[in-house]
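Take a look at the letters that make up each chain.
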Amino acid sequence: MKKGNDNKPFIGIFGRRNTGKSTFINRLTGQDIAIVSDIAGTTTDPVKKSMEIFGIGPAVLIDTAGIDDVGEIGKKRVRKTKEVLKIIDLAVLIISDNTFNIFEQNLIKAFKRWDVAYVIIHNKSDKQQITEETLETVKKLTGKEVLSFSAIKTDKLDKLIELLKKTIPKTIYQKKSLLSHIIKENDHVLLVTPIDKEAPEGRMILPQVMAIRDVLDNNCINIVLKETQLEHYLKTCAVQPKIVITDSQAFNFVKSIVPEDIMLTGFSVLLAYFKGNFKEYLKGTSKIDQLQDNDRVLMLESCTHQVNCDDIGRFKIPNWIKKHTGKNIEFDVVSGLNKVKRDIDEYALIIQCGGCMVTKKQLVNRLKPAIDKDIPVTNYGMTIAWLNGIFERTLAPFKQIYEQE
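Residues numbered from 1 in each chain as written. Predicted model: local features only at pLDDT ≥ 70, side-chain atom pairs only at ≥ 80, totals over all residues. Heavy atoms only, no water.

K.L.:
What should I look at first to understand the overall build of the chain in this one?
P.N.:
A count of helical and extended segments in the chain gives 14 helices and 14 strands. Expressed as a percentage of its 405 residues, the buried residues of the chain come to 51%. As displayed, the chain has an accessible area near 19,800 Å², and 49% of this comes from carbon and sulfur atoms. (Helix = DSSP H or I, 4+ residues; strand = E, 2+ residues; numbered from the N terminus. Buried < 20%, exposed > 50% of the residue type's maximum accessible area, 1.4 Å probe, protein only. Areas by Shrake-Rupley, 256 points an atom, 1.4 Å probe, with all protein chains shown as cover.)

K.L.:
Whenever I open this one, unusual backbone geometry confuses me. Can you help?
P.N.:
Only a minority of non-glycine residues have a phi that is not negative, and only a minority of peptide bonds are not trans. In this model, Asn98 sits at a positive phi of 55 degrees, which is unusual for a non-glycine residue. Here Asn98 shows up in the loop between β4 (90-95) and α3 (102-113). The backbone of Asn186 shows a phi angle near 75 degrees, a positive value even though the residue is not glycine. Topologically, Asn186 is positioned in the loop between α5 (157-167) and β7 (188-192).

K.L.:
How should the pattern of salt bridges be read in this particular structure?
P.N.:
Side-chain pairs of opposite charge can arise where the charged atoms are in close proximity. Inspection of the entire model under this criterion finds 20 salt bridges. Residues Glu72 and Lys75 are paired through a salt bridge, measuring 3.7 Å at the closest nitrogen-oxygen approach. Note that Glu72 and Lys75 are positioned in helix α2 (residues 71-83) at a spacing of three residues, about one turn of the helix. Arg393 is the partner of Glu260 in a salt bridge, and the nearest nitrogen-oxygen pair spans 3.6 Å. One end of the pair, Glu260, is in the loop between α8 (251-254) and β10 (263-266); the other, Arg393, is in helix α14 (residues 391-404), and 133 residues separate them in sequence. On the accessibility criterion, Arg393 (15% relative accessible area) is buried. Through salt bridges with shared partners, one network takes in Arg17, Asp68, Asp69 and Arg77. (Salt bridge = Lys/Arg side-chain N within 4 Å of Asp/Glu carboxyl O.)

K.L.:
I would appreciate a short explanation of the sheet that holds strand β12 (residues 330-334) in the present structure.
P.N.:
Ordered in space as β12-β11-β13-β14, the four strands form an open sheet in which the pairing is parallel. Whereas interior strands pair on both sides, the edge strands pair on one side only; in this sheet they are β12 and β14 (377-379). With strand direction ignored, the average angle separating the axes of adjacent strands in the sheet is 25 degrees. Alignment of strand β11 (residues 296-300) against β12, held across five bridges, turns out to be parallel. By the bridge assignment, Val297 is partnered in β12 with Phe331. Sitting on the sheet, helix α11 (residues 312-325) touches β11, β12 and β13 (349-352), and the angle it makes with β12 is about 155 degrees. Seen against the sheet, helix α13 (residues 380-387) touches β11, β13 and β14 and runs at an angle of roughly 90 degrees to β14. (Pairing = 2+ DSSP bridges. Axes fitted to C-alpha atoms, helices over the stretch in contact; angles between N-to-C directions. Contact = heavy atoms within 4.5 Å.)

K.L.:
What am I meant to see in α13 here?
P.N.:
One turn of the α-helix equals 3.6 residues, which is why residues spaced by three or four share an orientation. Judged by how many residues are buried, α13 sits mostly within the fold: seven of eight residues are covered. For α13, the N-terminal capping position is held by Asn379, with its side-chain oxygen 3.3 Å away from the main-chain nitrogen of Gly381. (Polar contact = N/O pair within 3.5 Å; in protein donor to acceptor, adjacent residues only side chain to side chain.)

K.L.:
Would you explain the packing of aromatic side chains in this entry?
P.N.:
Aromatic ring pairs are defined here through the distance separating the ring centres and the angle between the ring planes. Tallying each qualifying case throughout the model produces six aromatic pairs. Their ring planes at 75 degrees and their centres at 5.3 Å tell us that Trp386 and Phe391 sit as a pair that is edge-to-face. Judged by its relative accessible area of 7%, Phe391 is buried. Feature note: the residues Phe14, Phe111 and Tyr118 constitute an aromatic cluster, connected by ring pairs. (Phe/Tyr/Trp six-rings, centres within 6.5 Å; stacked < 30°, edge-to-face > 60°.)

K.L.:
Sorry if this is basic, but what is going on with the sheet that holds strand β8 (residues 221-225) here?
P.N.:
Sheet strands associate in pairs through backbone hydrogen bonding, adopting either a parallel or an antiparallel arrangement. Ordered in space as β8-β7-β9-β10, the four strands form an open sheet in which the pairing is parallel. Each end of this open sheet is capped by a strand with a single partner; those strands are β8 and β10. Each strand axis lies, on average, 20 degrees off the axis of its neighbour in the sheet, ignoring direction. As paired strands, β7 and strand β9 (residues 243-246) are joined by four bridges and run parallel to one another. Paired with Val189 across the strands is Ile243, a residue of β9. Each of β7 and β8 touches helix α6 (residues 206-217); the most contacted strand, β8, lies at about 155 degrees to it. Each of β7, β9 and β10 is contacted by helix α9 (residues 267-275), which is oriented at about 80 degrees to β10, the strand it contacts most.

K.L.:
Honestly, the pairing of strand β2 (residues 47-53) in this entry has me stumped. Any pointers?
P.N.:
When a strand is regular, its side chains alternate between the sheet's two faces. Sheet topology note: the β2/strand β3 (residues 57-63) ladder contains seven bridges and is antiparallel. Considered in β3, the bridge of Val47 is made with Asp63. The turn joining β2 and β3, which pair antiparallel and follow one another in sequence, is formed by three residues; a positive phi near 95 degrees is taken by Gly55.

K.L.:
I tried to follow the environment of Ile243 on my own but got confused; where do I start?
P.N.:
Its place among the elements puts Ile243 in strand β9. In this structure the C-alpha to C-alpha distance between Ile243 and Leu264, which are 21 residues apart in sequence, comes to 5.8 Å. Residues in contact with Ile243, not counting those within four places in the same chain, are Ile182, Ile183, His188, Val189, Leu190, Ile262, Met263, Leu264, Thr265 and Pro397.

K.L.:
Help me out: how do you make sense of α3 in this one?
P.N.:
Look at α3: 16 Å from first C-alpha to last across twelve residues, which is about the 16 Å you get at 1.5 Å a residue. For α3, the set of buried residues is Glu104, Leu107, Ile108, Ala110 and Phe111. Looking straight down α3, one finds its buried side chains confined to an arc of 155 degrees; they lie on one side. Those residues of α3 that are exposed and aimed more than 90 degrees away from the buried face are Lys109 and Lys112. At its buried positions, α3 is contacted by β1 (10-15), β4, β5 (117-122) and α4 (132-142). Just downstream of α3, Asp115 is the residue with a positive phi angle, here 55 degrees. (Expected span 1.5 Å × (residues − 1). Arc of directions from axis to C-beta.)

K.L.:
Hey, could you run me through the packing of α6 against α9 in this one?
P.N.:
Geometry of a packed helix pair, given as the angle between the helix axes and the separation of the axes. Relative orientation of the contacting elements α6 and α9 amounts to 70 degrees, with a least axis distance of 10 Å. The orientation of α6 with respect to α9, classified from their angle, is roughly perpendicular. On α9, the residues that touch Pro207, Gln208, Met210 and Ala211 of α6 are Phe267, Leu270, Leu271 and Phe274. Among the residues making up the contact of α6 with α9, the classes are represented as seven nonpolar, one polar and no charged. (Parallel < 35°, antiparallel > 145°, perpendicular 65-115°, else oblique. Nonpolar A, V, L, I, M, F, W, Y, C, P; charged D, E, K, R; others polar.)

The following block contains the structure:
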């Protein structure tokens, strides 16, 4: 389940079986989008639905299986439920019948681990009101107030909406510019976009499209060309570009053509600053030079695509690293958001792609288990810059800004 480039808030609905999660969703949206049944365990796998919520706007609701599901199948459902935590912006924990113990407490620990904002709702309050004892227990363990609510009635719907609006992180509505801290109005930005075997036929790749749009949004001038046209352009054009942004694979070629007084970076490096864990990337990239024989490196691709012999993550970067280090290194590749089969401790380094197809939250959470265990991480573009000896140059446009943040 991907969040992709959708910047609508993702709201996950959690709780035990038969606490009224599906009825709650139908009441919140004003539509029958979730199956309602008195039979516990009706909701099996997480179900994602994009909806307009009055008072909040466009949002994506995810109905999850009960956290108290049982049996082997139940355990798998609970694991899938917890996987949702990696992509949501807000969790709604539904309790009922004044039940709040180990299941809810463990889930709240998971909310905190994945840095998920959350609210707690005592549902079915038309049948049993929340007690002072339950309120005190929740307050003591979480510091949270509990909203008493009935999905059958509508008298507290406004309070529910206000609580959700107050708790949803404001940062999800803030659009960060790729280049606004580097360029100013009417600057020229030169984008070098090689057309090779990996380039999709008839279209640009997403990082290139994002850069083009961001240049336009900043009222600047795009120049888009292939790497074979770069030298001719720089020699014949009277206007010097403020910055040159290239596909990282062309670093070795482009660096010899672009003068040192012109800023140079790569699309993947741009994404590293925009949505990656830039601080950890800065620390982790140099660990390439410390790799030893039989070390294992994990390559993380955040999308799936057809593989060919020129594949950057599966062939080119591994071969470049082996050549650079002179070591016999093993490489594993995991695409999409698939699980890593080996224990994360088995890796000496993790190299993440630019992550154009996923959100910052997904990208950060993808690397969190490794960072928690002090395993160095970096990304494709910063790795290639390091291997080409231009790491500091390609990071210069972002490093000063990052250090001031």
